[in-house]
Amino acid sequence: MHFDARNIDNNTVIEGDICIIGAGAAGISMALEWINSGHKVILLEGGGFEYEDKMQALYKGKITGQRYYPLESARLHYFGGTTGHWAGFCSPLDPIDFKKRDWVPYSGWPIRREDMDPFYERAQSILDLGPYKYDVKYYQQQDKSLISLPLDQDAVYNKMWQFSPPTRFGTKYKDTIINAPNIYLYTYANVTNVTANESVSTIKEATIKNFAGKQHTVRAKYFVFACCAIQNARLLLSSNQQAPKGLGNDNDLVGRYFMEHLEIKSAEMWLTKPDLLKLYMIDYGKTKYRAELGISEQKQQEFKILNGTASLTPLDIARQEPAIIDIWTDDQKERTKNLDELDKKGEKYKSAKGYKSFQLFTRIEQAPNPNSRVTLDTETDELGMRRTMLHWEFTPLEKRSIRKIYEIIGQQVGIAAKGRIKLMDYLQDEHDTSWPSFTGGGWHHMGTTRMSIDARQGVVDANCKVHGINNLYMAGSSCYVTAGAPNPTLTIVALTLRLSDHLKQKTGMKA
Ligand SMILES: Cc1cc2nc3c(=O)[nH]c(=O)nc-3n(C[C@H](O)[C@H](O)[C@H](O)COP(=O)(O)OP(=O)(O)OC[C@H]3O[C@@H](n4cnc5c(N)ncnc54)[C@H](O)[C@@H]3O)c2cc1C
């Protein structure tokens, strides 16, 4: 069922069993799981069904530290959320990403990769991916032309990716959600505050507001925030009537450990003779899977580096590409143009017979850093909610890791007599910790309500429940402890399915 919260009587009280706040990848995945469950599920979406500048403006905020995209353009604020323009790159986190690594401060999830496997498998179909197979051999058996670079797989392996079409949740799942008799979707229902009981052990209600000047109250047994990492933190911090520091923030952790994937051109690979390297190529909009070069767990451990991958693009094409951080503005037209250009770029690969030189492009996790954080500004948005301030900050480990990754790849390419690797200028001096202006992020927001079994180390427990509050849950990448190298949405959906199963058990439903 669908209701436009602008058109219902002011001060309506809406009641249900579960209240999901935010209808993006996480919120919609969760709602789908509860269709015909016998429970009344309220799905609150701040925006409508289309992009609107006024809605995006609610996301505006200040940025300090590392250069970043305008916050109002880094996320979409309407039904379907940021899947309205995601690119569809998917791969699961590696087993090492969940482990405590003594060289990565604050690493170590309370769950393991094998705990996530059944949920990754289920998430594949929601994102219109193929089977849950991420071993290169599986693809090479089907297509003999997918030849690996002859590198020692114990050092540099083929990290496989699958590509979602990309699934636009707002388009694909709209009718299913609206037609579900027990899912009550409210659009133009911006949650601006959540109220707890006096002892802050239970959430009682959420307040929703919109530009029509209407305000409503939502009561439920369970509340799930699915607004993405920055907005999840913002809403917790803003809801400070009963807890002055914000909900779940007794230990000053909400908003901290904000993480992004650092995405940056890093090196060139020059082959001794031309090669198409089809296994590693991407044709935007058409590629279903491809490999990037990953660094083995042993090598990460040996050199005490972060997890990162290198993707390959023919050098003559890569050289024509401006850095996304330079062209991604808050202007919607600009963004659409940029995505169109990416689409066209894919066409060029079709006629290619082989290339001698490739750009190596890094996607790497950043080390969890308490100073990299989301806080609230004193300035408010049009609905009276305090705006976001983002301070994005790296540690020296990120740059050292990138440099080492290319040393390892360079060594392997040399041993195989396949060619050589040339580091970009900014990586030449190992003592230089500065970053070039073209350093970018992947639009992946993670880590602001990190997971830990210890309330002094994390905001949520292993079930994504906020410590100390018995009916408040966080869905999605805000719960990440570390980021791994892969883009986050597959893990966001998998983690949400896991949370959904947990809630089903709590409500006595069969998972
Ligand atoms: C250009 C671009 C390319 C990307 N490419 C990839 C990729 O290739 N692979 C990948 O894995 N990821 C990619 N991403 C990231 C991906 O889009 C996100 O990981 C994913 O959308 C996050 O899902 P989510 O549900 O947590 O948040 P969102 O999709 O952002 O959804 C959050 C929802 O909550 C709603 N909301 C927010 N605040 C409130 C509130 N207070 N009250 C009510 N509703 C609220 C929003 O309107 C929105 O609908 C990309 C992102 C961008 C911008």
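Procedures and definitions
- Residues numbered from 1 in each chain as written.
- Predicted model: local features only at pLDDT ≥ 70, side-chain atom pairs only at ≥ 80, totals over all residues.
- Heavy atoms only, no water.
- Helix = DSSP H or I, 4+ residues; strand = E, 2+ residues; numbered from the N terminus.
- Buried < 20%, exposed > 50% of the residue type's maximum accessible area, 1.4 Å probe, protein only.
- Contact = heavy atoms within 4.5 Å.
- Areas by Shrake-Rupley, 256 points an atom, 1.4 Å probe, with all protein chains shown as cover.
- Lys, Arg positive; Asp, Glu negative; His and termini not counted.
- Charge placed at Lys NZ, Arg CZ, Asp CG, Glu CD.
- Pairing = 2+ DSSP bridges.
- Axes fitted to C-alpha atoms, helices over the stretch in contact; angles between N-to-C directions.
- Domains from an automatic or database assignment.
- Buried area = accessible area lost by both parts, 1.4 Å probe.
- Core = buried A, V, L, I, M, F, W, Y, C linked by side-chain atoms within 4.5 Å.
- Polar contact = N/O pair within 3.5 Å; in protein donor to acceptor, adjacent residues only side chain to side chain.
- Phe/Tyr/Trp six-rings, centres within 6.5 Å; stacked < 30°, edge-to-face > 60°.
- pLDDT = per-residue confidence, 0-100.

Draft legend 1. Seen up close, the overall build of the chain. Along the chain, the regular secondary structure elements total 15 helices and 19 strands. Burial analysis of the chain (511 residues in total) assigns 61% to the buried set. The long-range fraction of contacts in the chain, counting pairs at least 24 apart against all pairs at least 6 apart in sequence, stands at 77%. When the accessible area of the chain is evaluated, it comes to approximately 19,800 Å², of which 49% is carbon and sulfur surface. Each charge class in the chain can be summarised by its mean position, and for the 64 positive and 60 negative side chains these summaries are 2 Å apart.

Draft legend 2. Inspection of the sheet that holds strand 16 (residues 386–392) at higher detail. Spatial ordering of the open sheet is given by 4-16-15, a layout of 3 strands whose pairing is mixed. The outermost strands of the open sheet, each flanked by one partner alone, are strand 4 (61–65) and strand 15 (373–380). Each adjacent strand pair in this sheet contributes to an overall mean axis angle of 25°, direction not counted. Bridge analysis of strand 15 against strand 16 gives 5 bridges, and the strand direction is antiparallel. Of the residues in strand 16, the one forming a bridge with threonine 375 is methionine 389. Lying on the sheet, helix 9 (residues 229–238) is in contact with strand 15 and strand 16; it crosses strand 15 at an angle near 60°.

Draft legend 3. Structural detail: the domain arrangement of the chain. Domain parsing of the chain yields domain 1 (1–58 + 77–129 + 166–259 + 443–511) and domain 2 (131–163 + 262–364 + 395–434). Each of domain 1 and domain 2 has a C-alpha centre, and these two points are 32 Å apart. Taking both sides of the interface into account, the surface hidden between domain 1 and domain 2 amounts to around 2,600 Å²; carbon and sulfur atoms contribute 58%. Broken down residue by residue, the surface that domain 1 buries against domain 2 is led by Phe89, Trp103 and Trp443, which jointly contribute 28%.

Draft legend 4. Spotlight on the pairing of strand 8 (residues 190–196). Within strand 8, 7 of the 7 residues are buried, leaving the element largely enclosed by the surrounding structure. Pairing geometry for strand 8 and strand 9 (residues 203–209), over 6 bridges, is antiparallel. Residue pairing for strand 9: asparagine 190 is matched across the bridge by lysine 209.

Draft legend 5. Representation of the nonpolar core in the model. Within the largest apolar cluster, 154 residues are counted, with the highest numbers of intra-cluster contacts made by Leu44, Ile177, Met269, Leu312, Ile409 and Leu472. The element that contributes the greatest number of residues to this core is helix 15 (residues 489–506), accounting for 8 residues. Per-domain counts for this core show at least three residues from each of domain 1 (1–58 + 77–129 + 166–259 + 443–511) and domain 2 (131–163 + 262–364 + 395–434). Leaving out residues up to four positions away in the same chain, leucine 472 has contacts with Ile203, Phe223, Phe225, Leu236, Leu247, Cys464, Lys465 and Val466. Listed in part, the 5 residues of the second largest apolar core include Phe89, Trp161, Phe163 and Ile282.

Draft legend 6. Molecular detail of the side chain of serine 29. Its location among the elements puts serine 29 in helix 1 (residues 25–33). Polar side-chain contacts of serine 29 include one of 2.5 Å to the backbone oxygen of alanine 25. Excluding residues within four positions of it along the chain, serine 29 makes contact with Gly24, Ile126, Phe169, Val493, Thr496 and Leu497.

Draft legend 7. Seen up close, the packing of aromatic side chains. Within the structure shown, the criterion is met by 21 aromatic pairs. Summarising the aromatic geometry, the rings of tyrosine 120 and tyrosine 132 are spaced 5.9 Å apart at their centres and angled 25° between planes, so their arrangement reads as stacked. With tyrosine 120 in helix 5 (residues 113–126) and tyrosine 132 in the loop between helix 5 and helix 6 (136–142), the pair connects residues that are 12 residues apart, well separated along the chain. No difference in accessibility class separates tyrosine 120 from tyrosine 132, as the two residues are buried.

Draft legend 8. Quick peek at the confidence of the model for the chain. In this model, the chain carries a mean pLDDT of 95, and residues with pLDDT of at least 70 account for 95%. Strand 19 (residues 472–474) holds the highest mean pLDDT among the elements of the chain, 99, whereas helix 13 (residues 332–350) holds the lowest, 58.

Draft legend 9. Spotlight on the side chain of asparagine 193. Relative to the helices and strands, asparagine 193 resides in strand 8. Of the polar contacts made by the side chain of asparagine 193, one reaches the side chain of threonine 195; its length is 3.4 Å. Here glutamine 241 takes part through its side chain, which lies 2.7 Å from a polar atom of the side chain of asparagine 193. Excluding residues within four positions of it along the chain, asparagine 193 makes contact with Glu205, Ala206, Thr207, Leu235, Ser238, Ser239, Asn240 and Gln241.

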